[in-house]
Amino acid sequence: DAGVTQSPTHLIKTRGQQVTLRCSPKSGHDTVSWYQQALGQGPQFIFQYYEEEERQRGNFPDRFSGHQFPNYSSELNVNALLLGDSALYLCASSPFGDRSTDTQYFGPGTRLTVL
Amino acid sequence: LAKTTQPISMDSYEGQEVNITCSHNNIATNDYITWYQQFPSQGPRFIIQGYKTKVTNEVASLFIPADRKSSTLSLPRVSLSDTAVYYCLVGMGNTPLVFGKGTRLSVIA
């Protein structure tokens, strides 16, 4: 049973460019959440997708957008990259249903470096 | 703002039991307590989750007092490979996880 997968593993971009990160959820999961983790900090919630719609959003600018596909996989897009966008981007999947015991499982992350 | 407070760092020798305590004074009635482990440049890994009293799995134990305002993660007989950052979180289901800075555990040979 494959866990959460993310691609690519590493990415280097320059300021002003755009980037797309990809995530495939754990089998049986239909909800995908994205987090940004700066060096030395805990992950910060970006947004969550369910049924191909953004359900919740954290305190991130509109440069951060996403998409969820019918097979539950998801993309995170960041436009007009800034140096401060350099971070580990994490995808987490969970079964939808708002059951208290539902757990979010994380992928290995994509390390984005903006030069 | 993180809903939990944990020590920034801890040191332990190999083979010892390590207890990491987390404070969550404003925990809601429906909230569960979840602990994750994270190695450098990897995603957080789920360790254990509980609501009250004691939960044990093959990796750790979680102790939660009756008032649920704190919890203690217990790692038995740690090894060098347990060196990592440990995060305590409270919440339920698919609500966004609010991470603090976690506890950096260093295991010394």
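Scroll up a little and you will see the structure.
The residue numbering used here restarts from 1 in each chain and proceeds along that chain's sequence as written. Note on labels: chains are lettered from A, ligands numbered from 1, in written order. pLDDT decides what is reported in this predicted model: residues at 70 or higher carry local features, side-chain atom pairs at 80 or more are listed and counted, and totals for whole chains, interfaces and linings draw on all residues regardless. Calculation of side-chain values draws on the structure's entire complement of heavy atoms; hydrogens and water are dropped beforehand.

Attention now moves to the overall build of chain A. On a plain count of helices and strands, chain A comes out with zero helices and eleven strands. For chain A, the sequential pattern of α-helices and β-strands runs β-β-β-β-β-β-β-β-β-β-β. For the radius of gyration, the atom set is restricted to C-alpha positions; the globular benchmark scales as 2.2 Å times the number of residues to the power 0.38. A compact globule built from 115 residues would reach a C-alpha radius of gyration of about 13 Å, and chain A, at 13 Å, matches this within 12%. Principal-axis analysis of the C-alpha atoms gives chain A an extent of 40 × 25 × 25 Å. Each residue gets one of three labels from its accessible area relative to the maximum for its type: buried under 20%, exposed over 50%, partly exposed in between, using a 1.4 Å probe on protein chains only. Residue burial in chain A is summarised as follows: out of 115 residues, 48% are buried. Pairs of residues are marked as contacts when any of their non-hydrogen atoms sit within 4.5 Å. Here the contacts in chain A between residues at least 6 apart in sequence split such that 53% fall between residues at least 24 apart. Under the scheme used here, helices are H or I runs from DSSP no shorter than 4 residues and strands are E runs no shorter than 2 residues, and both carry numbers assigned from the N terminus.

What follows is about the pattern of salt bridges. All names here are of chain A. Only one rule defines a salt bridge in this text: a Lys or Arg side-chain nitrogen within 4 Å of an Asp or Glu carboxyl oxygen. Enumeration over the complete set of coordinates arrives at four salt bridges over all chains. A salt bridge links Asp 85 to Arg 63; the nearest nitrogen and oxygen atoms lie 2.8 Å apart. Of this pair, Asp 85 sits in the loop between β8 (74-78) and β9 (87-94) while Arg 63 sits in the loop between β6 (53-57) and β7 (64-68), placing them 22 residues apart in sequence. Each member of the pair, Asp 85 as well as Arg 63, carries the same accessibility label: buried.

Now for the sheet that holds strand β5 (residues 53-56) of chain B. All names here are of chain B. A pair of strands is considered paired only if DSSP assigns at least 2 bridges between the two. Pairing in this open sheet of four strands is antiparallel, and the strands run β2-β7-β6-β5 from one edge to the other. Either end of the sheet is taken by a strand with one partner, and the two such strands are β2 (18-23) and β5. Averaged over neighbouring strand pairs, the angle between their axes works out to 15° when direction is ignored. As defined by bridge partners, β5 adjoins strand β6 (residues 61-64) across four bridges and the pair is classed as antiparallel. Bridge pairing links Thr 53 to Ile 64 in β6. To get an axis, a line is fitted to the C-alpha atoms, and for a helix only the part in contact is used. The angle between two axes follows their N-to-C directions and goes from 0 to 180 degrees.

Moving on to unusual backbone geometry. In this model, Ser7(A) is joined to Pro8(A) through a cis peptide bond whose omega is -10°. Despite not being glycine, Thr53(B) has its phi angle at roughly 55°, a positive value. On the secondary structure map, Thr53(B) appears in strand β5.

Here we come to the pairing of β7(A). The alternating pattern of β7(A) places Phe64(A), Gly66(A) and Gln68(A) on a buried face, while none of Ser65(A) and His67(A), on the opposite face, is buried. Counting the residues in the hairpin turn of β7(A) and β8(A) gives five residues, including Tyr72(A), whose phi is positive at 80°.

What follows concerns the state of the cysteines. All names here are of chain A. The definition used for a disulfide is geometric: two cysteine sulfur atoms within 2.5 Å. Under the criterion given, the structure shown has two disulfides over all chains. Note that Cys 23 is cross-linked by a disulfide to Cys 91, the S-S spacing being 1.8 Å. Residues Cys 23 and Cys 91 are joined by a disulfide whose S-S torsion is about -55°; by sign, that bridge is left-handed. One end of the pair, Cys 23, is in strand β3 (residues 19-24); the other, Cys 91, is in strand β9, and 68 residues separate them in sequence. We classify Cys 91 as buried; its relative accessible area is 0%.

Contacts between chain A and chain B engage 27 residues on the former and 20 residues on the latter. Across the chain A to chain B interface the summed buried area is about 1,900 Å²; carbon plus sulfur atoms make up 49%. Where chain A packs against chain B, one counts zero salt bridges. For the purposes of these results, a polar contact is taken to be a pair of N or O atoms within 3.5 Å, where, inside protein, one atom must be able to donate a hydrogen and its partner to accept one; residues adjacent in sequence count only when each atom of the pair is a side-chain atom. At the junction of chain A and chain B, the tally comes to six residue pairs in polar contact (both at pLDDT 80 or more). Considering only residue class, the side of chain A that touches chain B consists of ten nonpolar, 13 polar and four charged. Defined in terms of a 1.4 Å probe, buried area is the accessible area two parts forfeit on being brought together, summed over both. Just so you know the grouping, Ala, Val, Leu, Ile, Met, Phe, Trp, Tyr, Cys and Pro go in nonpolar, Asp, Glu, Lys and Arg go in charged, and all remaining residues, Gly too, go in polar.

In this section: the sheet that holds β7(A). Residues and elements named next belong to chain A. Ordered in space as β1-β3-β8-β7, the four strands form an open sheet in which the pairing is antiparallel. On the outer flanks of this sheet lie β1 (5-7) and β7, each paired with one strand and no other. Recorded for the sheet is a direction-independent mean angle of 20° between the axes of neighbouring strands.

Right, let's talk about the packing of aromatic side chains for a bit. Centre distance within 6.5 Å is the pairing criterion for rings of Phe, Tyr and Trp, where only the six-membered ring of Trp is used; planes under 30 degrees apart are then read as stacked, over 60 as edge-to-face, and the remainder as tilted. By the definition in use, this model includes twelve aromatic pairs over all chains. Measuring from centroid to centroid gives 5.3 Å for Phe47(A) and Tyr49(A), while their planes differ by 90°, and the two rings are edge-to-face. The buried category is assigned to Phe47(A), whose relative accessible area is 0%. Looking at Tyr49(A), the relative accessible area reads 5%, which means it is buried. A centroid spacing of 5.1 Å and a plane angle of 50° characterise the contact between Tyr32(B) and Tyr51(B), whose relative ring orientation is tilted.

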